[in-house]
Amino acid sequence: MKTLSSAGIILALFCIGTGDVHAIDNAFPQRISGFWSGFSNQTAVTAVFYESVGTPGSCDTLTGTFGGNPVQGYYCPLSGRVGFAIFSGGQPFEVCSGTLTQSGSTNRITGWFAYFTTPRGEYSFMLSK
Amino acid sequence: MRLLLNLLRGLTIVGILAASQIASAGTVYPQTLNGTSWNVWVNNSYQSNGLTLYQTGSVNGCNEISGAILNGDTIWGFYCNDSGQIGFIRQKTITGELYQYYRGTLSGGSPCGILFLSGSVMAWNTVANGTPGEFSFFATYGPFVC
């Protein structure tokens, strides 16, 4: 019983925690435009994004390149969500989805990309600028 | 003192329940989705049997899927039977554009129960789709009489 009670205390401390370590301020970078570098799965990659600012409160249109291939997508400043398709030969062959974060002067995007043709599945990517 | 003991007993029960929930996360997903027809909700649109899926092969891991969605647009992508993850792209029939990507995860599907598929739709083509951004996506399959 004593052991179980101790487990209960540990669980309670785990659930309650020692404070908010995430420090969420509910703000995301307003613009995604610029030169980014990082990794796509295990491959170093660079990206250039151009954002066409649209109606306030809506997602903005995104164009540019990712790994040298043209992209078409969106960036939503209110949620930090970014998504784009990567094109080759006029058709997309891969899609990426992620979220922007900002720490100091560094912006980061972390997320996943998916191949819907061989090799099928999801992989991770991250970019920073 | 008695209050403290009762509190500890309560926390112990919570701990046991939490542990059992974690243990139950080891879901087994269908090996194949071949020939399944789903009721589907895409953003604010609903269509009975609006999603049809066919699967090529059924090896452990990710397998090729294809099919049709809503207005008959062609789709293709993958289903990973080890994680319940599904992803497919939608092609606009009239223009041939690939303009939406669907990503979701399976849940439910206990023997003869309803299989749920929930996730989101990415839309990047403003010409084909209008509004760019992410939208909700939900589908159900079953239940069946065992």
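Owing to the predicted nature of the structure, the values given are computational and were not obtained by experimental measurement. (Residues numbered from 1 in each chain as written. Chains lettered and ligands numbered in written order. Predicted model: local features only at pLDDT ≥ 70, side-chain atom pairs only at ≥ 80, totals over all residues.)

This next bit is on the overall build of chain A. Scanning chain A from N- to C-terminus turns up one helix and eight strands. Ordered by position from N to C terminus, the α and β elements of chain A give α-β-β-β-β-β-β-β-β. Expressed as a percentage of the 129 residues in chain A, the buried residues total 29%. Look at the contacts in chain A between residues 6 or more apart in sequence, and 24% of them connect residues 24 or more apart. (Helix = DSSP H or I, 4+ residues; strand = E, 2+ residues; numbered from the N terminus. Buried ≥ 20, exposed ≤ 12 C-beta atoms within 10 Å, placed from the backbone. Contact = placed C-beta atoms within 7 Å.)

Below, the discussion takes up the nonpolar core. Formed by 51 residues in total, the largest nonpolar core has its most connected members in Leu62, Tyr75, Val82 and Phe84 of chain A together with Phe88 of chain B. Counting residues per element, this core draws most heavily on strand β6 (residues 98-108) of chain B, which supplies five residues. With sequence-adjacent residues up to four places away left out, phenylalanine 84 of chain A is seen in contact with Leu62, Val71, Gln72, Gly73 and Cys96 of chain A together with Trp124 of chain B. (Core = buried A, V, L, I, M, F, W, Y, C linked by C-beta atoms within 7 Å.)

Time to look at the sheet that holds strand β2 (residues 45-56) of chain B. Residue and element names in this part refer to chain B. Spatial strand order, β1-β2-β3-β4-β5-β6-β7-β8: eight strands in a closed barrel with antiparallel pairing. The average angle at which neighbouring strand axes cross in this sheet is 30°, direction not considered. Note: strand β1 (residues 36-42) against strand β8 (residues 133-141), four bridges, orientation antiparallel. Residue pairing for β8: asparagine 39 is matched across the bridge by threonine 140. (Pairing = 2+ DSSP bridges. Axes fitted to C-alpha atoms, helices over the stretch in contact; angles between N-to-C directions.)

Before going further, it helps to spend a moment on the sheet that holds strand β5 (residues 81-88) of chain A. Residues and elements named next belong to chain A. Taken in spatial order, the eight strands line up as β1-β2-β3-β4-β5-β6-β7-β8 and close into a barrel, and their pairing is antiparallel. For this sheet, the mean angle separating the axes of adjacent strands, direction not counted, is 30°. Two strands pair when backbone bridges link them, and β5 and strand β6 (residues 91-103) are joined in this way by eight bridges, in the antiparallel orientation. The partner of isoleucine 86 across the bridge, within β6, is glutamate 94.

For a regular strand, side chains alternate in direction, first toward one face of the sheet and then toward the other. Residues and elements named next belong to chain A. Pairing analysis gives seven bridges linking strand β1 (residues 34-40) to strand β2 (residues 43-52), with the strands arranged antiparallel. Counted as the bridge partner of serine 37 is threonine 46 from β2. The antiparallel pairing of β1 with β2 creates a hairpin that spans two residues between the two strands, and asparagine 41 there sits at a positive phi of about 55°. Relative to strand β8 (residues 121-128), β1 runs antiparallel, the two being bridged by four bridges. Bridge pairing links phenylalanine 39 to methionine 126 in β8.

Okay, the environment of leucine 78 of chain A next. By the secondary structure assignment, leucine 78 of chain A is in the loop between β4 (69-76) and β5. A C-alpha to C-alpha distance of 8.1 Å links leucine 78 of chain A and cysteine 59 of chain A, two positions 19 residues apart in sequence.

With that settled, the discussion passes to the environment of leucine 117 of chain B. Residue and element names in this part refer to chain B. On the secondary structure map, leucine 117 appears in strand β7 (residues 115-123). On the basis of neighbour count, leucine 117 is assigned to the buried category, with 25 C-beta atoms found within 10 Å. Setting aside its immediate chain neighbours within four residues, leucine 117 contacts Trp38, Ile86, Gly104, Leu106, Phe138 and Ala139.

The amide bond that connects threonine 118 of chain A to the next residue, proline 119 of chain A, takes the cis arrangement and shows omega of 0°. Tracing the sequence through the fold places proline 119 of chain A in the loop between β7 (106-115) and β8. A cis amide bond links glycine 142 of chain B to the next residue, proline 143 of chain B, at an omega of 5°. With respect to the element layout, proline 143 of chain B can be found in the segment after β8. Residues other than glycine seldom take positive phi values, yet asparagine 41 of chain A does so here, at roughly 55°. If you trace the backbone, asparagine 41 of chain A turns up in the loop between β1 and β2. One non-glycine residue, leucine 70 of chain B, lies in positive phi territory at about 50°. Along the chain, leucine 70 of chain B turns up in the loop between β3 (62-69) and β4 (73-80).

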